[in-house]
Structures are given as C-alpha cells and as structure tokens.
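The primary structure of each chain is shown beneath.
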Amino acid sequence: MEVGLNHFLIVSTILFSFGLYGIVTRKNAIMVLMGVELILNAANINFVAFSSFGNFGINGQLYALFVIILAAAEAAIALAIVLNIYKTFSKVNIDEINNLKD
Amino acid sequence: MGIYDIIFYLFAAITIVSAAIVVNTKNIIHSAFSLLLTFFGVSGLYALLGADFLAIVQIMVYVGGILILLLFGVMLTNKITNVDIKTGVLNVIPAILGLGIFGAVLIFIVTSTNWHVEKLVIPKTTTSMLGNLLLTDYVLVFELLAILLLIALIGAASIARRDKE
C-alpha cells in the first residue's frame, strides 16, 4: 500500500493518544510535561503532512516552526515552576500538591 | 513497496514504539531517553514529508534544548542518591479504556474522511522559502514570538531564582 496522507495522520493520532495517556496516568510533574511534548509533536506532524499533501504552499511548515518555539518557551517556564514546587513542598507528585500555599 | 515506504514504516515504528516506552516505563530517566528516540523518529517523518529545515530544527531544539532541560528537571527534583527515579501512576484502567476508544474513533475519522490530496511534491530546499515567508507575510508573528521568547526567558529565570535570605 502506497504511503499517503492517512499513514502520517494515523502515526500522529497514535502519538497524540500516548501523550494524553501519559498526562492522565503519570504522577510526576515532569512526566506530564513529556506527555505535553508528545502531543505537540503529534500536532506538528499533522501540520507538516497537510502542508505537504495539500496544495497550500509551505505555510503549514511555518506553523510547525511556531509550535516548536512555543514548546521551548513552555518547557522553560514549566520547569521553573516545577523547581519552585520542589523547593516549597520537597516533592513533585501532582496528586499530592493540592494547596496553593504552605 | 518502494524504498520510501520502507523508510516511512521504519521511522513510524521508531516513533510509536519509543512513545509507548515513554508513557509506560516507571523510570523517569528511561522515559527521557526514549523521548530522544521519539524526537528522532518525528524528525525523520518531517524529512520524508520534504520539510528538511524543520527536521533539523526538531533535532536542534527538541533534543538539544527541551530534552536537556527535562533531564535537568529530573535531576534537580529528585534526591541524587536515589538510584532509581520512579514515578507513580494513577487511573491506569480508565485511561486505557477511554483513550483506546478515543484513539480508535480518531483513527476511524481520519481513515474514513475523503481528504483532498495532491501529489506529494518534495521541494529542493525549504529554508529560503521559509525565510521569505517569515519576513513578509508572517513578520508580525515573527516579532511577537521574539518578544515572547524574551519574556519566557526573563520569567523562567526570575521564577527559578533562589531567594536571598
């Protein structure tokens, strides 16, 4: 079977489901961040696949580039927050951290 | 089955298997290193789609930046004497059921939709086209993203800074 648009979309769907599964089931905050990265990658595959197989020029790739930039900013901020949580509560399990203040 | 198809299935297998390892292993270090393979697989898929610049950016930013940042996060938020760094799990059975149904429905929608598909044209190089678009049609987005990155840098540094006693 010739590889077409559907194959790329199915790969990205599976990646998205795994990312969501990681976010829902993991307790450690950094594992949740890894799930978010998987989801962003799945979205990026969709952008690039539609950009290449549709006849839209190259705009989809540019949007994927913007998503990568936002992912970098998000990872930096989120890890700063996780470090602060660790400093305050000495743990990063998100099911045990249920108050905003000590 | 041509060489293109074989390479596609190879990269798809790398991506999906390593993503499965990322979300199923309990050792955080192992999942961080599996995430490396996932990013490489996705980068290969970009290259197959003709996005050569994006493939390189994926490796440089994700593997060189975000993954290192995540590993720093793992190392700084666990006791360093603790040899195996584990994560707990919760809601596994409902998550598998719900996301299995969700993924199946999504795959059904994707495969049953009649997408408008053109023939895949792989351009020689995308870098100059991306650069032209970035400074003509998307120049406002470009500038806003530059400001956003600066704000994120300052914000992250000021959040993570240790307070003076």
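Residues numbered from 1 in each chain as written. Chains lettered and ligands numbered in written order. Predicted model: local features only at pLDDT ≥ 70, side-chain atom pairs only at ≥ 80, totals over all residues. Heavy atoms only, no water.

The next point concerns the packing of helix H3 (residues 59–89) of chain A against helix H3 (residues 52–76) of chain B. A pair of packed helices can be characterised by two numbers: the angle between their axes and the separation between those axes. Across the interface, H3(A) lies against H3(B) with an axial gap of 10 Å and an inter-helix angle of 5°. Accordingly, the angle class assigned to the pair H3(A) and H3(B) is roughly parallel. For the pair H3(A) and H3(B), the contacting residues are Gln61(A), Ala64(A), Leu65(A), Ile68(A), Ala71(A), Ala72(A), Ala75(A), Ala76(A), Leu79(A), Leu83(A) and Tyr86(A) in the first and Phe53(B), Leu54(B), Val57(B), Gln58(B), Val61(B), Tyr62(B), Ile66(B), Leu69(B), Leu70(B), Gly73(B) and Leu76(B) in the second. (Axes fitted to C-alpha atoms, helices over the stretch in contact; angles between N-to-C directions. Helix = DSSP H or I, 4+ residues; strand = E, 2+ residues; numbered from the N terminus. Parallel < 35°, antiparallel > 145°, perpendicular 65-115°, else oblique. Contact = heavy atoms within 4.5 Å.)

A common way to state how big an interface is: give the accessible area lost once the parts meet. Residue and element names in this part refer to chain B. Here chain B is described as being made up of domain 1 (3–125) and domain 2 (126–165). The C-alpha-based centres of domain 1 and domain 2 are spaced at 24 Å. Between domain 1 and domain 2 the total buried area reaches about 430 Å² when both faces are included, carbon and sulfur atoms providing 58% of it. At the surface where domain 1 touches domain 2, the tally comes to zero salt bridges. Viewed at the interface, domain 2 and domain 1 are joined by two residue pairs in polar contact (both at pLDDT 80 or more). Classifying every residue of the side of domain 1 that touches domain 2 by side-chain character gives two nonpolar, two polar and one charged. (Domains from an automatic or database assignment. Buried area = accessible area lost by both parts, 1.4 Å probe. Salt bridge = Lys/Arg side-chain N within 4 Å of Asp/Glu carboxyl O. Polar contact = N/O pair within 3.5 Å; in protein donor to acceptor, adjacent residues only side chain to side chain. Nonpolar A, V, L, I, M, F, W, Y, C, P; charged D, E, K, R; others polar.)

Before going further, it helps to spend a moment on the nonpolar core. In this structure, Phe8(A), Met34(A) and Leu70(B) are the most contacted members of the largest nonpolar core, which totals 65 residues. When contributions to this core are tallied by element, the ones reaching two or more residues are helix H1 (5–25), helix H2 (29–53) and H3 of chain A together with helix H1 (3–24), helix H2 (28–48), H3, helix H4 (92–112) and helix H5 (127–135) of chain B. Two domains each donate at least three residues to this core, and these are domain 1 (3–125) and domain 2 (126–165) of chain B. (Core = buried A, V, L, I, M, F, W, Y, C linked by side-chain atoms within 4.5 Å. Buried < 20%, exposed > 50% of the residue type's maximum accessible area, 1.4 Å probe, protein only.)

Turning our attention to the packing of aromatic side chains. Under the criterion given, the structure shown has 10 aromatic pairs over all chains. Arranged with centres 5.0 Å apart and planes meeting at 65°, the rings of Phe50(A) and Trp115(B) form a pair that is edge-to-face. With one member in each of two chains, Phe50(A) in helix H2 and Trp115(B) in the loop between H4 and H5 form a pair that bridges those chains. Residue Trp115(B) is classed as partly exposed on the basis of its relative accessible area, which comes to 30%. Relative to Tyr138(B), the ring of Tyr63(A) has its centre 5.7 Å away and its plane inclined at 90°; by these criteria the two rings are edge-to-face. Note that Tyr63(A) is positioned in helix H3 and Tyr138(B) in the loop between H5 and helix H6 (139–160), a pairing that runs across two chains. Through a chain of ring-to-ring contacts, three or more aromatic side chains come together here, namely Phe8(A), Phe53(A), Phe8(B) and Tyr9(B). (Phe/Tyr/Trp six-rings, centres within 6.5 Å; stacked < 30°, edge-to-face > 60°.)

Residues and elements named next belong to chain B. Locating Thr 125 in the fold gives a position in the loop between H4 and H5. Look at Thr 125 and you get partly exposed, because its relative accessible area is 37%. Linking Thr 125 and Gly 50, residues 75 residues apart in sequence, is a C-alpha distance of 8.2 Å.

Facing 68 residues of chain A, the contacting portion of chain B comprises 79 residues. Interface area, chain A with chain B, both sides summed: about 6,800 Å², of which 77% is carbon and sulfur. At the boundary of chain A and chain B, one finds zero salt bridges. Between chain A and chain B we count 10 residue pairs in polar contact (both at pLDDT 80 or more) in total.

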